[in-house]
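Descriptive analysis of the structure
Chain by chain, the residues run as shown.
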Protein chains: 2
Amino acid sequence: MRWIRYTADGRTAYGSLTCETVSEISGEPWGAHSATGKTHKLADVKLEVPVTPRTFYAAGINYAAHIREMAEKRGVQPVFPEKADIGYRANNALIAHGEDVVIPNDATEKINYEGELVVVIGTQVKHLSKADAMSCVFGYTIGNDVSERTWQRGDRTFWRGKNADTFKPMGPWIDTDVDIDAMQTIVRVNRQESLRFKTNDMIFDIPTYIEAMTRYLTLYPGDVIWMGTDGTSPDLKHGDVVEVELTGLGVLRNRFVREA
Amino acid sequence: MRWIRYTADGRTAYGSLTCETVSEISGEPWGAHSATGKTHKLADVKLEVPVTPRTFYAAGINYAAHIREMAEKRGVQPVFPEKADIGYRANNALIAHGEDVVIPNDATEKINYEGELVVVIGTQVKHLSKADAMSCVFGYTIGNDVSERTWQRGDRTFWRGKNADTFKPMGPWIDTDVDIDAMQTIVRVNRQESLRFKTNDMIFDIPTYIEAMTRYLTLYPGDVIWMGTDGTSPDLKHGDVVEVELTGLGVLRNRFVREA
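Sequence positions are assigned chain by chain, starting from 1 and proceeding in written order. For naming, the first written chain is A and the first written ligand is 1, with later ones following in the order written. Residue-level local features of this predicted model are given only where pLDDT is at least 70; pairs of side-chain atoms are given and counted only at 80 or more, and the full residue set underlies all totals for whole chains, interfaces and linings.

Points about the overall build of chain A
Helices and strands together make up the secondary structure of chain A, namely three helices and 19 strands. For 260 residues, the compact-globule estimate of 2.2 N^0.38 gives 18 Å, and chain A sits close to it at 18 Å. With the C-alpha coordinates aligned to their principal axes, the bounding extent of chain A is approximately 60 × 45 × 30 Å. Partly exposed residues are those falling between the two cut-offs: more than 12 but fewer than 20 other C-beta atoms within 10 Å of their own, whereas 20 or more means buried and 12 or fewer means exposed, with C-beta atoms placed from the backbone. Out of the 260 residues belonging to chain A, those deemed buried represent 48%. By the criterion used throughout, residues are in contact when their C-beta atoms, derived from the backbone, lie within 7 Å. Of all intrachain contacts in chain A linking residues separated by at least 6 positions in sequence, the fraction that spans at least 24 positions is 73%. The helix and strand labels rest on DSSP assignments: H or I over at least four residues marks a helix, E over at least two residues marks a strand, and numbering proceeds from the N terminus. With C-alpha atoms as the basis for the radius of gyration, the globule rule is written as 2.2 Å multiplied by the number of residues raised to the power 0.38.

Here we look at the domain arrangement of chain A
Residues and elements named next belong to chain A. Here the limits of each domain have been adopted from an automatic or database domain assignment. Taken domain by domain, chain A consists of domain 1 (1-48) and domain 2 (49-258). Between the C-alpha centres of domain 1 and domain 2 there is a distance of 25 Å. Taken together, the contact between domain 1 and domain 2 spans 12 residues of the former and 17 residues of the latter. In terms of residues, the side of domain 1 that touches domain 2 owes the most to one element, strand 1 (residues 2-8), which gives four residues.

Some thoughts on the nonpolar core
Only buried Ala, Val, Leu, Ile, Met, Phe, Trp, Tyr and Cys residues enter a nonpolar core, and they are joined through C-beta atoms within 7 Å. By size, the foremost hydrophobic cluster in this structure holds 137 residues, and its most contacted members are A:Val119, A:Tyr209, B:Val119 and B:Tyr209. For B:Tyr209, the contacting residues outside a window of four places in its chain are B:Ala59, B:Ala84, B:Ile86, B:Phe204 and B:Ile225.

Looking at the environment of B:Gly122
Residue and element names in this part refer to chain B. Within the secondary structure, Gly 122 sits in the loop between strand 11 (115-121) and strand 12 (137-144). Owing to 22 C-beta atoms within 10 Å, Gly 122 belongs among the buried residues under this scheme. On a C-alpha basis, the gap between Gly 122 and Cys 136 in space is 5.5 Å, while along the polypeptide they are 14 residues apart. Sequence-distant contacts of Gly 122, defined by excluding residues within four places in its chain, comprise Trp 30, Cys 136, Val 137, Phe 138 and Pro 221.

Remarks on the interface of chain A and chain B
On the side of chain B, 23 residues touch chain A, which itself brings 23 residues to the contact. Residue polarity is assigned by list, with Asp, Glu, Lys and Arg as charged and Ala, Val, Leu, Ile, Met, Phe, Trp, Tyr, Cys and Pro as nonpolar; anything else, Gly included, falls into the polar class. Considered class by class, the residues forming the side of chain A that touches chain B number eight nonpolar, nine polar and six charged.

Description of the sheet that holds strand 18 (residues 241-246) of chain A
Consider a sheet: its strands pair through backbone hydrogen bonds, and that pairing is either parallel or antiparallel. Residues and elements named next belong to chain A. If you walk across this open sheet you meet the five strands as 9-19-18-15-16, and the pairing is mixed. Bordering the open sheet on either side are strand 9 (101-103) and strand 16 (192-198), each of which pairs with just one other strand. Neighbour to neighbour, the strand axes of the sheet diverge by 20° on average, direction disregarded. Strand pairing is assigned whenever DSSP detects at least two bridges linking the two strands. The pairing of strand 15 (residues 184-189) with strand 18 spans five bridges and is antiparallel. Axis geometry follows a simple rule: fit a line to the C-alpha atoms, using only the stretch in contact for helices, then measure angles between N-to-C directions, giving values from 0 to 180 degrees.

Structure representation (structure tokens):
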């Protein structure tokens, strides 16, 4: 099942998506909800960020090639994480599929994409074992963890380098039935393939993260966990269009423009 | 004006507080709202976290004595921040005045308080100058940035060390009319004064932070900015009751208990 959050006729709601038809529901997909009977064509609605999470989690460093290639770019030895430590991103930075990433006018040229699988939590949980961890997962969406690499190195908790307004495209929808093991992450810049990797080739998998996190914290419905990226990105410039495809899930597309 | 968020008769709402009387409103204090006519005695309601922010910002390191004393404890040279860099905390960790801070059972003895002034944002803003910065401030509340110091040193973005469930008491209310310049921060452990400092003796003041932040990010109504703390804390143990008083604003009181 695919769920979208959208605006139509001046109203924002969730709906299920079947072929090109959106069927509106009252409430949120992971909570009590019912069909309102209202339908739209997908082409007639504006897609919104699929959820504004209560807490926005991000694994950050979770793929081997990304660590090796980033270390090489910086001329340092690669350091691999020893455990599933989580980090945060900020809700101010979220934008929807189709909206523009606006590069601040004082940013350097070191603007990079990071195509990521996003886990959407469906139930309130704490103290989950690895065996039970997937029980709290409602579905998946796609994220682009846009980064300004020079700010990222100096900023406390990456506040500007990863969380300037518009730096966190997420969408286009939440899919509850995807095969993570068969999935590939493909990134295209201006329709040219730029990066491809096996989505589930993570250093620490989703159950390992959820077990580690819920030992100390409660996950709530609508929380998101961005699972990190592999490989590296070219420096993106004004006018570039970046697509992050997760095969079987969808394509998240955003244009990059420099602030006037 | 003081605003509380509370539960009474099974319903959670905002209300204004005059002497010991709570007058319920519909909506949020910083948005369109009206009095419902319903009133309660303060003693009859359960205080809730005054707001779950869209984004939870924290200045972290913003007082000179805190930096000097923490460096001394760790046997390193103090490093003072060169600019107003912001960081994040996580909503899962928020608890209300009167609720217990639960120390995870595998935490060390290095459990510390940090008494902080909290700025509550009232309007959606971006690109504010220092001169206009205070225009977006709705009011103030009190925070206790509870920290497990050994985890804090190793955790990525302090996810456990500062954001384990219950590590962020905030409250008891939001006050829109306080004199920051006259304010003192006083922390008491089991009714004994343990720390006292001038609240506005910050390295970077509130307008400096808001100008720096809103160059890159949009602040939304209900966002909070925790402004940091001065001095240091003794190690807290099971049963300790910590009060953070901001003179003229109120007292935030929480008991610390160790997880069974």
